Structures are given as structure tokens and as C-alpha cells.
Amino acid sequence: MKLFWVVSLVSIASVEALGRIQQAKIKSSNLKGNIPALVPPSAATIESVSTVVPSPTKVFLEPLLQVVRWYDSNLKIRPLRTKVITNSFTSSLGDILAQSLTCSSIDPQRTLAWSIAGLCYFGPILHMWYNGLARMETFFMNRWKTSKTTAVIYQIAFNQFIGAAIVNACFLYFISFTKMIVTSFAAGSFSTFNPAAAFGFATHQLHTTYASMMLANFAFWPVPTFINLYLVPLRWRVLFSNTCSIFWKCCLSIITTSTLR
């Protein structure tokens with residue numbers, strides 16, 4: 001009888017111990033369920049954080065990209081107006097650079113004359129000229145079955161020996177008349193405007209400075225022109241040429257500078 005009671009007590013104690021162990025396991029599993037798992041951040045989360053805190057590179061480049069997009073939209077909508085205004089700016093900048101290198105002070109009348117030359121002479125000519133060169137490239141590649149490199153070389157030869165020769169010669173007369181008009185306007189009287197003197201001065205420069213101008217042209221322009229025609233999209237070619245022409249117009253300004261009496 002005593003053995004029976006001992007066995008019963010041991011069984012009851014074992015059942016209670018097993019129950020307590022089971023309850024402890026349940027509590028432990030509940031605690032584990034309340035702890036959040038460490039999940040790596042998704043790509044969307046990283047992108048949202050990057051938009052909130054932009055990188056220094058993006059902060060620097062974004063305004064520049066906005067300007068590029070604005071300029072490109074103007075090239076598509078108003079190509080001629082955009083190109084002539086840009087050329088006027090680069091012509092002025094080239095003359096200011098030339099005066100900074102050769103003069104003790106800046107002559108605003110001379111810079112205004114160069115700005116007018118970019119607006120009324122170089123800008124329209126370059127707009128039509130590069131469109132014509134693009135049609136020439138299409139003709140060479142479609143009719144003559146040439147490669148793009150060969151077509152670009154033909155364009156450079158035509159540009160240097162025909163286009164530049166005519167444009168630079170006519171420019172001497174244009175800038176001579178423009179400088180005299182600006183000088184007369186600044187003096188407040190057009191009585192000093194003398195077309196014969198302007199024509200004679202341009203003819204004199206044609207005989208004295210035209211050869212050095214063309215030699216400088218042949219030395220400077222072939223490489224930029226090849227890059228422009230081979231790599232740059234058509235609507236951006238005038239801008240690329242304008243950027244390079246800041247230094248070229250600086251050279252032209254030095255060559256053609258003289259005081260008209």
C-alpha cells in the first residue's frame with residue numbers, strides 16, 4: 001500500500017513538471033515572436049533615402065543638367081534665334097579675352113561691334129552652313145557609299161578651302177563697317193560715318209592680314225571641326241563651334257584690330 005502511494009506521488013510530480021516545462025516553452029516562443037527580424041533594406045528604401053539626402057555630385061550636376069535641358073529645348077523650338085544669341089555672346093567673350101591680352105583697358109565699342117558680328121554675321125552663317133554640311137555628308141554616304149570618316153574629311157576640306165576662305169574675307173568688310181557704325185553712333189552723329197573709308201580699310205586688311213588669318217585658320221580648325229562633325233549631334237554643332245571659336249575670335253580680334261580714323 002505504501003508503495004502505491006509513493007508511485008502515485010511520483011507520477012503526479014512528473015505530470016506537474018512536464019506541464020511547467022510546456023508553459024515555459026510557450027512563453028519563450030511568444031517572446032521570440034515579439035522581437036522583429038533584421039531584414040536588409042530594399043532597393044526602394046535606399047533610393048528613397050538617397051532622394052531625401054542627395055549626394056554632393058548630384059547637387060553639383062543637377063543645375064548644370066537643367067541648363068543643358070533648357071538650352072536643348074530652345075535649340076529644338078527656336079534653333080536660329082538660340083544659335084545667333086549664343087554666337088553673339090561668344091564673339092563678345094572672344095574680343096574681351098583679346099583685349100585683356102593686348103590692351104590696358106576694355107573698349108566697349110569694339111566689344112559691341114564683335115557682338116553684332118556674332119549676332120548678324122557668324123550666327124546665321126554657321127546655322128545654315130552646318131545644315132548644308134549635314135546634307136553633304138548624307139550625299140557622300142548614300143550616293144558615293146563612303147564611310148563616315150571619309151565623308152567628314154570631305155566636309156573639312158570643303159569647309160576650310162571654300163567656306164572659311166569666303167567667310168573670313170567677307171568678315172573683314174563686315175567688321176570694318178560695323179566698327180565705324182558703332183563709333184558714329186557712340187559719337188552721337190552719323191556725319192563721321194564714311195563707307196568709302198570703311199571699304200578701303202577692309203580692302204587694305206584683305207591684302208595685309210588675310211594670308212595670316214587663313215594660316216591661323218588652317219592651324220586651328222581642322223581638329224575641332226573633325227570632332228564636331230564626327231561626334232556632335234547636328235543641333236549642337238554650332239554651340240561646339242562657338243565654344244572653340246572663343247579662342248579663334250580672340251585671334252581674329254587681335255589680327256583685325258586697328259583704329260578707324
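Cut-off values and rules
Residues numbered from 1 in each chain as written. Predicted model: local features only at pLDDT ≥ 70, side-chain atom pairs only at ≥ 80, totals over all residues. Heavy atoms only, no water. Helix = DSSP H or I, 4+ residues; strand = E, 2+ residues; numbered from the N terminus. Buried < 20%, exposed > 50% of the residue type's maximum accessible area, 1.4 Å probe, protein only. Contact = heavy atoms within 4.5 Å. Areas by Shrake-Rupley, 256 points an atom, 1.4 Å probe, with all protein chains shown as cover. Axes fitted to C-alpha atoms, helices over the stretch in contact; angles between N-to-C directions. Parallel < 35°, antiparallel > 145°, perpendicular 65-115°, else oblique. Left-handed = near helix turned anticlockwise from the far one by under 90°. Nonpolar A, V, L, I, M, F, W, Y, C, P; charged D, E, K, R; others polar. Expected span 1.5 Å × (residues − 1). Polar contact = N/O pair within 3.5 Å; in protein donor to acceptor, adjacent residues only side chain to side chain.

1. Points about the overall build of the chain
Along the chain, the regular secondary structure elements total ten helices and zero strands. Reading the secondary structure of the chain in the N-to-C direction produces α-α-α-α-α-α-α-α-α-α. Relative to its full complement of 261 residues, the chain shows a buried share of 33%. A sequence separation of at least 24 residues applies to 73% of the contacts in the chain between residues at least 6 apart. Counting every atom, the chain has about 16400 Å² of accessible surface; 72% of that belongs to carbon and sulfur.

2. With respect to the packing of helix α5 (residues 108–143) against helix α10 (residues 237–256)
Helix packing for two helices is described by the angle between their axes and how far apart those axes are. Their axes nearest at 11 Å, the elements α5 and α10 cross at an angle of 135°. When the axes of α5 and α10 are compared, the pair comes out oblique. As α5 packs across α10, the resulting crossing turns out to be right-handed. Packed against α5, whose contacting residues are Arg110, Trp114, Phe122, Leu126, His127, Tyr130, Ala134 and Glu137, the element α10 presents Arg237, Val238, Ser241, Asn242, Lys249, Leu252, Ser253 and Thr256 at the interface. A breakdown of the residues in the contact of α5 with α10 according to their chemical character gives seven nonpolar, five polar and four charged.

3. What about α5?
Between its first and last C-alpha, α5 extends 50 Å over 36 residues, near the 52 Å set by a 1.5 Å rise per residue. Its side-chain oxygen placed 3.2 Å from the backbone nitrogen of Gln109, Asp107 serves as the N-cap of α5. Backbone geometry just downstream of α5 places Lys145 in the positive-phi region, at approximately 55°.

Geometric values such as these leave the question of function open.
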